[in-house]
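Coordinates in review
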Amino acid sequence: MTLLDGKKISDQIKDEIAAEVAGMIRRGEKVPHLAAVIVGSDGASLTYVGSKVRACQRIGFESTLKQLPESTTEEELLEVVAELNADSDIDGYIVQLPLPRHIDEQKILLAVNPDKDVDGFHPTNFGKMALELESFISATPYGIMELLRRYNVETSGKHAVVIGRSNIVGRPISILLSQKGEGANATVTLVHSRTRNLPEITRQADIIVSALGVPNFLKSDMVKEGVVVVDVGITRVPDASRERGYYICGDVDFEGVSKKASFITPVPGGVGPMTIAMLLKNTLLARQRHRTRT
Ligand code: GUN
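This section reports on the structure supplied with the text. (Residues numbered from 1 in each chain as written. Predicted model: local features only at pLDDT ≥ 70, side-chain atom pairs only at ≥ 80, totals over all residues. Heavy atoms only, no water.)

1. Comments concerning the pattern of salt bridges
One pass over the full model with this rule turns up 14 salt bridges. Close ionic contact of E134 with R289 constitutes a salt bridge, the shortest N to O distance being 3.4 Å. In this pair, E134 is assigned in the loop between α5 (123–130) and α6 (139–150) and R289 in helix α10 (residues 271–293), connecting sequence segments 155 residues apart. A relative accessible area of 58% means that E134 is categorised as exposed. The partner of E146 in a salt bridge is R150, with the nearest N and O atoms 2.8 Å apart. Taken together, the positions of E146 and R150, both in helix α6 and four residues apart, correspond to about one turn of that helix. (Salt bridge = Lys/Arg side-chain N within 4 Å of Asp/Glu carboxyl O. Helix = DSSP H or I, 4+ residues; strand = E, 2+ residues; numbered from the N terminus. Buried < 20%, exposed > 50% of the residue type's maximum accessible area, 1.4 Å probe, protein only.)

2. Overview of helix α7 (residues 170–178)
The buried fraction of α7 is high, at seven of nine residues. All of the buried residues along α7 are G170, P172, I173, S174, I175, L176 and L177. Against α5, α6, β5 (159–163), β6 (187–191) and β7 (207–210) lie the buried residues of α7. (Contact = heavy atoms within 4.5 Å.)

3. Describing the site of the ligand
Close to the ligand lie K52, V95, Q96, L97, D119 and F121, which account for all nearby residues. At 2.9 Å from a nitrogen atom of the ligand is found a main-chain nitrogen or oxygen belonging to L97. At a separation of 2.6 Å, a nitrogen atom of the ligand approaches a polar side-chain atom of D119. About the coverage of the ligand: the protein hides 81% of its 270 Å² of free accessible area. Looking at side-chain class alone, the shell around the ligand contains three nonpolar, one polar and two charged residues. (Near = heavy atom within 4 Å. Polar contact = N/O pair within 3.5 Å; in protein donor to acceptor, adjacent residues only side chain to side chain. Areas by Shrake-Rupley, 256 points an atom, 1.4 Å probe, with all protein chains shown as cover. Nonpolar A, V, L, I, M, F, W, Y, C, P; charged D, E, K, R; others polar.)

4. A word on the sheet that holds strand β8 (residues 228–231)
Strand order in this open sheet of six strands is β1-β11-β8-β7-β5-β6, and the pairing throughout is parallel. Each of the sheet's edge strands pairs with one partner strand only, and the pair in question is β1 (2–3) and β6. Pairing of β7 with β8 involves four bridges; the strand directions are parallel. Paired with I208 across the strands is V229, a residue of β8. Each of β5, β6 and β7 is contacted by α7, which is oriented at about 165 degrees to β6, the strand it contacts most. (Pairing = 2+ DSSP bridges. Axes fitted to C-alpha atoms, helices over the stretch in contact; angles between N-to-C directions.)

5. Quick notes on the packing of aromatic side chains
Scanning the model with the defined rule gives zero aromatic pairs in all. Sitting above the plane of the F136 ring, R289 keeps its charged end 4.7 Å from the centroid. (Phe/Tyr/Trp six-rings, centres within 6.5 Å; stacked < 30°, edge-to-face > 60°. Lys NZ or Arg CZ within 6 Å of the ring centre and 35° of its normal.)

6. Focus on the packing of α5 against α7
When two helices pack together, their arrangement is given by the angle between the helix axes and the distance between those axes. Contact pair α5 / α7: the axes reach a minimum separation of 10 Å and the direction vectors enclose 25 degrees. As judged from the angle between their axes, α5 and α7 are roughly parallel. Counting all contacts with α5, which are made through F126, M129 and A130, the residues of α7 involved are R171, P172, I175 and L176. Among the residues forming the contact of α5 with α7, the class breakdown is six nonpolar, no polar and one charged. (Parallel < 35°, antiparallel > 145°, perpendicular 65-115°, else oblique.)

7. What to know about the environment of M145
Mapped onto the elements, M145 comes out in helix α6. When the C-alpha atoms of M145 and L177 are compared, they prove to be 7.7 Å apart, with 32 residues separating the residues in sequence. Residue contacts for M145: discarding those within four places in its chain leaves I173, L176, L177, G183 and A184.

8. Overview of a nonpolar patch on the surface
A surface patch of nonpolar side chains, amounting to about 280 Å² of accessible area, comprises M1, L3 and F254. Position of M1 among the secondary structure elements: in the segment before β1. (Patch = residues over 30% accessible without salt bridge, like charges linked within 9 Å, V, L, I, M, F, W, Y side chains within 5 Å.)

Honestly, it's all geometry; don't read function into it.
See below:
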């Protein structure tokens, strides 16, 4: 069994980006600038956004954090989005999800300038991704593809089963894995809450990507020998015995499944750090594309 070490690979990617930034500084060019907007004070979201901003600082990007109160109205958030669209110093930005219930998420995502949409959530980018045109690919599916590529995991002709059909992970990763080209060409099955006989399907999988958010959902009797497993789950499970009051649990029963897997991601230290690295990669791309447009 080989561990798909997202921490190690994400560090390599960040080093590669940092080297690009050093070159930009040497040439007297503007460095990439990422902005992040967060509405409210959800603990997990604050942690994720904090990690993204710190990662920017470590590799030499500029970063701006816009922290807005829970009471922010949809109109006010749309105004912030319009300001970020108009600010030529900002190359890319993200609006951290989920948003408070009184704000229409789709309305906000539609207002983001697709050229600055480093999350790849705008329909223009999602559509271009699906059509294999130049776009921003969402950081989590992009990170999974990159992790598989860097470990030379064979995907061509393999049966990949994706668990979960979210717009952020399940749906886009199912599209990417089925595309033509190196590191893809898989035969993909997308399973979800209405799927019948799910374990029967996962037992046929050469590759499983689980993006469900149910702790320890995938058990060893649901996979075959030699399976490649990518665990996207990062559920906070309450645990009074820990200082933080919780622990992070993936979708996969690592203890059991790792005994049968040929490759498997740990949680934490698998997909999570890759997501941050690919967001930085998208921000670098946004800067480079921005420069060629202006
Ligand atoms: N919430 C969970 N994952 C993400 C992500 O990748 N980007 C944003 N903006 N919000 C998220």
